[in-house]
Amino acid sequence: RFTHPIGLHLLGTDLYVADFLNHRVRKVATGTRLTSLVAGNGVEGNMDGPGQLAHVSHPSGLTAHVGTGVVYVSCVVIDAVRKILPDNSIVTIAGVGRNTPAFADGVGVLAALIGPLGISLDSNGLLYVACYHEPGLRVIDTANSNLVTTFATALVAPYGVYVSPDGSAVYV
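Conventions we followed
- Residues numbered from 1 in each chain as written.
- Predicted model: local features only at pLDDT ≥ 70, side-chain atom pairs only at ≥ 80, totals over all residues.
- Heavy atoms only, no water.
- Pairing = 2+ DSSP bridges.
- Helix = DSSP H or I, 4+ residues; strand = E, 2+ residues; numbered from the N terminus.
- Axes fitted to C-alpha atoms, helices over the stretch in contact; angles between N-to-C directions.
- Buried < 20%, exposed > 50% of the residue type's maximum accessible area, 1.4 Å probe, protein only.
- Phe/Tyr/Trp six-rings, centres within 6.5 Å; stacked < 30°, edge-to-face > 60°.
- Contact = heavy atoms within 4.5 Å.
- Core = buried A, V, L, I, M, F, W, Y, C linked by side-chain atoms within 4.5 Å.

Novice: Mind showing me how you'd approach the sheet that holds strand 2 (residues 14-19) here?
Specialist: Adjacent strands of a sheet form backbone hydrogen bonds with each other and so pair up, either parallel or antiparallel. Taken in spatial order, the 4 strands make up an open sheet running 1-2-3-4, and their pairing is antiparallel. Edge positions in the sheet fall to strand 1 (5-11) and strand 4 (35-39), since each has one partner strand and no second. Pairs of neighbouring strands in the sheet enclose a mean axial angle of 30°, with direction left out of account. Examined bridge by bridge, strand 3 (residues 24-29) and strand 4 share 4 bridges and lie antiparallel to one another. Residue Lys 27 lies in a different strand from strand 4, and its bridge partner there is Ser 36.

Dropping the structure here:
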């Protein structure tokens, strides 16, 4: 049973669902409506590893790379962005963890995100992240060591983001 599904992303014929209060990411095969567990064991936390053993805390936003099948998930409460590989293992790619006092650019987990919610990926591997508790929009370069940079500032509580596939337009 889903408890507060908050994020959705369609990859091929599979609908990925961020099951926020169950601390899981699920996949629904749209043709059969069968649901399977992709990542998370129902325990709140930030432990990487095989999909059903990993801790996935409050998954929020979802997006995916069509070519590789990698699914990206924002975890708003633990201030992290993670990726789910095709074998369903999960790895934290950005954010230092819960309750960081200030946002900071940097490489991967050395960067600090505050309240990442909406995420969107362009065809160049740039992952745009709307951080609800920051005054800006962040970008993670998934093709370049997960370098996190600030893309835009002076935004008030950005909740969602969409980037066109070619990266020419960003909507917040």
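So that's the structure; there's more coming.
Novice: Please explain the pairing of strand 11 (residues 126-131) as it appears in this structure.
Specialist: Every regular strand shows the same layout, with side chains that alternate between the two sheet faces. Extensive coverage of strand 11 is indicated by the burial of 5 of its 6 residues. Relative to strand 11, strand 10 (residues 116-121) runs antiparallel, the two being bridged by 4 bridges. Bridging across to strand 11, Pro 116 finds its partner in Cys 131. Here strand 10 folds back onto strand 11 in antiparallel fashion, the turn holding 4 residues, of which Gly 125 has a positive phi close to 85°. Pairing of strand 11 with strand 12 (residues 136-141) involves 5 bridges; the strand directions are antiparallel. Looking at strand 12, one finds that Leu 127 is bridged to Ile 140.

Novice: What's the story with the packing of aromatic side chains in this structure? I'm lost.
Specialist: How two aromatic rings sit relative to each other is set out by the distance from centre to centre and by the angle between their planes. All chains considered together, the criterion is met by 3 aromatic pairs. With 5.3 Å between their ring centres and 85° between their planes, Tyr 128 and Phe 151 make a pair best called edge-to-face. Of this pair, Tyr 128 sits in strand 11 while Phe 151 sits in strand 13 (residues 147-153), placing them 23 residues apart in sequence. According to the relative accessible area criterion, Tyr 128 is buried, its value standing at 4%.

Novice: Can you walk me through the sheet that holds strand 6 (residues 71-75) in this structure?
Specialist: If you walk across this open sheet you meet the 4 strands as 5-6-7-8, and the pairing is antiparallel. Lying at the two open borders of the sheet, with one neighbouring strand each, are strand 5 (59-64) and strand 8 (90-94). Across this sheet, the average inter-strand angle for adjacent strands is 30°, counted without regard to direction. In this sheet, strand 6 lies alongside strand 5 in antiparallel orientation, the contact comprising 4 bridges. Residue Leu 62 lies in a different strand from strand 6, and its bridge partner there is Val 73.

Novice: Whenever I open this one, the environment of His 23 confuses me. Can you help?
Specialist: Here His 23 lies in the loop between strand 2 and strand 3. The spatial distance from the C-alpha of His 23 to the C-alpha of Cys 75 is 9.4 Å, given a sequence separation of 52 residues. If near-sequence neighbours (up to four positions away) are discounted, His 23 is found in contact with Ala 39, Gly 40, Asn 41, Gly 42, Val 43, Glu 44, Val 56, Ser 57, His 58 and Pro 59.

Novice: Could you clarify how one ought to interpret the nonpolar core in this entry?
Specialist: Where a protein is soluble and globular, its nonpolar side chains tend to be buried together. Grouped together as the largest cluster of nonpolar side chains are 17 residues, with contacts concentrated most on Tyr 16, Val 25, Leu 62, Val 71, Ile 84 and Ile 90. Those elements that provide at least two residues to this core are strand 2, strand 4, strand 5, strand 6 and strand 7 (80-84). Of the residues forming this core, the biggest block, 3 residues, is contributed by strand 6. Val 70, Ile 93, Ile 119 and Cys 131 belong to the second-largest nonpolar core, a separate cluster that totals 14 residues.

Novice: Any chance you could explain the environment of Gly 7 here in plain terms?
Specialist: Its location among the elements puts Gly 7 in strand 1. Given a relative accessible area of 6%, Gly 7 falls into the buried group. Sequence separation of Gly 7 and Val 25 is 18 residues, and the distance between their C-alpha atoms is 9.3 Å.

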